[in-house]
2 protein chains.
Amino acid sequence: MFKSILAAFDGSEGAEAALRKAAELATLCEAELMVLTLYRHHSILEGSMFVIDAEKPDNIDEIMRDHAKDTAERGASIAKESGCENIRAFVKGGPTARTIVSFSKEHENDLIIMGSRGLGSIEGYLLGSVSHKVTSLSECPVLLV
Amino acid sequence: MFKSILAAFDGSEGAEAALRKAAELATLCEAELMVLTLYRHHSILEGSMFVIDAEKPDNIDEIMRDHAKDTAERGASIAKESGCENIRAFVKGGPTARTIVSFSKEHENDLIIMGSRGLGSIEGYLLGSVSHKVTSLSECPVLLV
């Protein structure tokens, strides 16, 4: 019934539970599964307390992207462990809810799956407010786990 | 993967789309499908402009419950048309989001499906704020269509 499922994955416990459901559902529906991890651009973090490496401020974007890439790949491994075969991992930078929704439109996903709230991961982007925003903006169904 | 699916159905277009997804998913998972329609108790409506029959104010609860029962039965028919076989229809009175969530706990549903927003049905109870409240309160996954 679903052909292309998008799982938003930030590495948190809640996101992992959502990802496992996504993998199970993708297998059942013979759908492709896209694992998407987001990172914040340097500019968004500039005014905050968040400093990864005070000596290399120019690298922050790259470090964030690399960390997101590791997380997305870990997500793909978890989905594979859950029996899913057709998986692709992606990373994107940008405002979380809007980026998830625009990604889903671009890739014609017919279901978005995510944790209903974040659990204090470093980026902390999968907060309840994000899932609410995604459900408000999305044109396809959203499964909150 | 899901064993017992709860579809909240208020008769609106959005709720009907959600119900059809619920029926499809229940069929795919060989799960039972519970269709739940809610009505508001008289006391909640007392202060509002909502008057069904000015001459029989004592009947309002009954009229609301009967209307909810018709809606739930229509929901069950729609689910049946969608190919689902194991369906039960229920009506409940009470505050919408809390009643959906307490029903799902009582019946050990492992998935709640509902429209992401209401479309101006008479009761108007499946508003976006309700779906947000359900996702906040629910202990099981929630699919917003």
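Structure: see above.
The following paragraphs examine the structure supplied in this document. (Residues numbered from 1 in each chain as written. Chains lettered and ligands numbered in written order. Predicted model: local features only at pLDDT ≥ 70, side-chain atom pairs only at ≥ 80, totals over all residues. Heavy atoms only, no water.)

## Quick word on the nonpolar core
Nonpolar side chains in soluble globular proteins generally cluster together in the buried interior. Of all hydrophobic cores here, the largest spans 46 residues; its most connected members are Ile5, Leu25 and Leu33 of chain A together with Ile5, Leu25 and Leu33 of chain B. Other than its neighbours up to four places away in sequence, Leu33 of chain A contacts Ile5, Ala7, Leu19, Ala22, Ala23, Ala26, Ala79, Cys84, Asn86, Ile87 and Arg88 of chain A. Ile112 and Met114 of chain A together with Met34 and Val142 of chain B belong to the second-largest nonpolar core, a separate cluster that totals 34 residues. (Core = buried A, V, L, I, M, F, W, Y, C linked by side-chain atoms within 4.5 Å. Buried < 20%, exposed > 50% of the residue type's maximum accessible area, 1.4 Å probe, protein only. Contact = heavy atoms within 4.5 Å.)

## Re helix H1 (residues 13–29) of chain B
If you check H1 of chain B, its first and last C-alpha atoms are 24 Å apart, about what 17 residues at 1.5 Å a residue would give, namely 24 Å. For H1 of chain B, the set of buried residues is Gly14, Ala15, Ala18, Leu19, Ala22, Ala23, Leu25, Ala26 and Cys29 of chain B. The inward-facing, buried residues of H1 of chain B abut helix H1 (13–29) of chain A together with strand E1 (4–8), strand E2 (32–39), helix H3 (60–81), strand E4 (111–114) and strand E5 (142–144) of chain B. Just downstream of H1 of chain B lies Glu30 of chain B, where phi reads positive at about 55°. (Helix = DSSP H or I, 4+ residues; strand = E, 2+ residues; numbered from the N terminus. Expected span 1.5 Å × (residues − 1).)

## As for the packing of aromatic side chains
Residue and element names in this part refer to chain A. Taken as a whole, this structure holds two aromatic pairs over all chains when the rule is applied. Between Phe90 and Phe103, the ring centres sit 5.0 Å apart and the planes meet at 70°, which makes this aromatic pair edge-to-face. Linking Phe90 in strand E3 (residues 87–93) with Phe103 in helix H4 (residues 96–106), this pair joins segments that are 13 residues apart in sequence. (Phe/Tyr/Trp six-rings, centres within 6.5 Å; stacked < 30°, edge-to-face > 60°.)

## Comments concerning the interface of chain A and chain B
How big an interface is tends to be stated in terms of the accessible area lost upon association of its parts. Taken together, the contact pairs 18 residues of chain A with 18 residues of chain B. Across the chain A/chain B interface, buried area totals approximately 1700 Å², and carbon plus sulfur atoms make up 67% of it. By the criterion of area lost to chain B, the three top residues of chain A are Met1, Leu28 and His132 of chain A, representing 33% of everything that side buries. Run the count over chain A and chain B and you get zero salt bridges. Taken together, the elements giving at least two residues each to the side of chain A that touches chain B come down to H1, helix H5 (128–137) and strand E5 (142–144) of chain A. The dominant element in the side of chain A that touches chain B, judged by the number of residues it contributes, is H1 of chain A, at five residues. Counted by class, the side of chain A that touches chain B contains 11 nonpolar, four polar and three charged residues. (Buried area = accessible area lost by both parts, 1.4 Å probe. Salt bridge = Lys/Arg side-chain N within 4 Å of Asp/Glu carboxyl O. Nonpolar A, V, L, I, M, F, W, Y, C, P; charged D, E, K, R; others polar.)

## Let's talk about the sheet that holds strand E1 (residues 4–8) of chain A
Overall, mixed pairing links the 10 strands, which are arranged E3(A)-E2(A)-E1(A)-E4(A)-E5(A)-E5(B)-E4(B)-E1(B)-E2(B)-E3(B) in an open sheet. Strands at the two margins of the open sheet, each flanked by one partner only, are E3 of chain A together with strand E3 (87–93) of chain B. Taking each pair of neighbouring strands and ignoring which way they run, the sheet shows an average axis angle of 25°. Contacts from H1 of chain B reach E1, E2, E4 and E5 of chain B within the one sheet, and its direction differs from that of E1 of chain B by about 170°. The strands touched by helix H4 (residues 96–106) of chain B are E1, E2, E3 and E4 of chain B; relative to E2 of chain B, the strand with the most contacts, the crossing angle is about 150°. (Pairing = 2+ DSSP bridges. Axes fitted to C-alpha atoms, helices over the stretch in contact; angles between N-to-C directions.)

Functional significance is not addressed by these values, which are geometric in nature.
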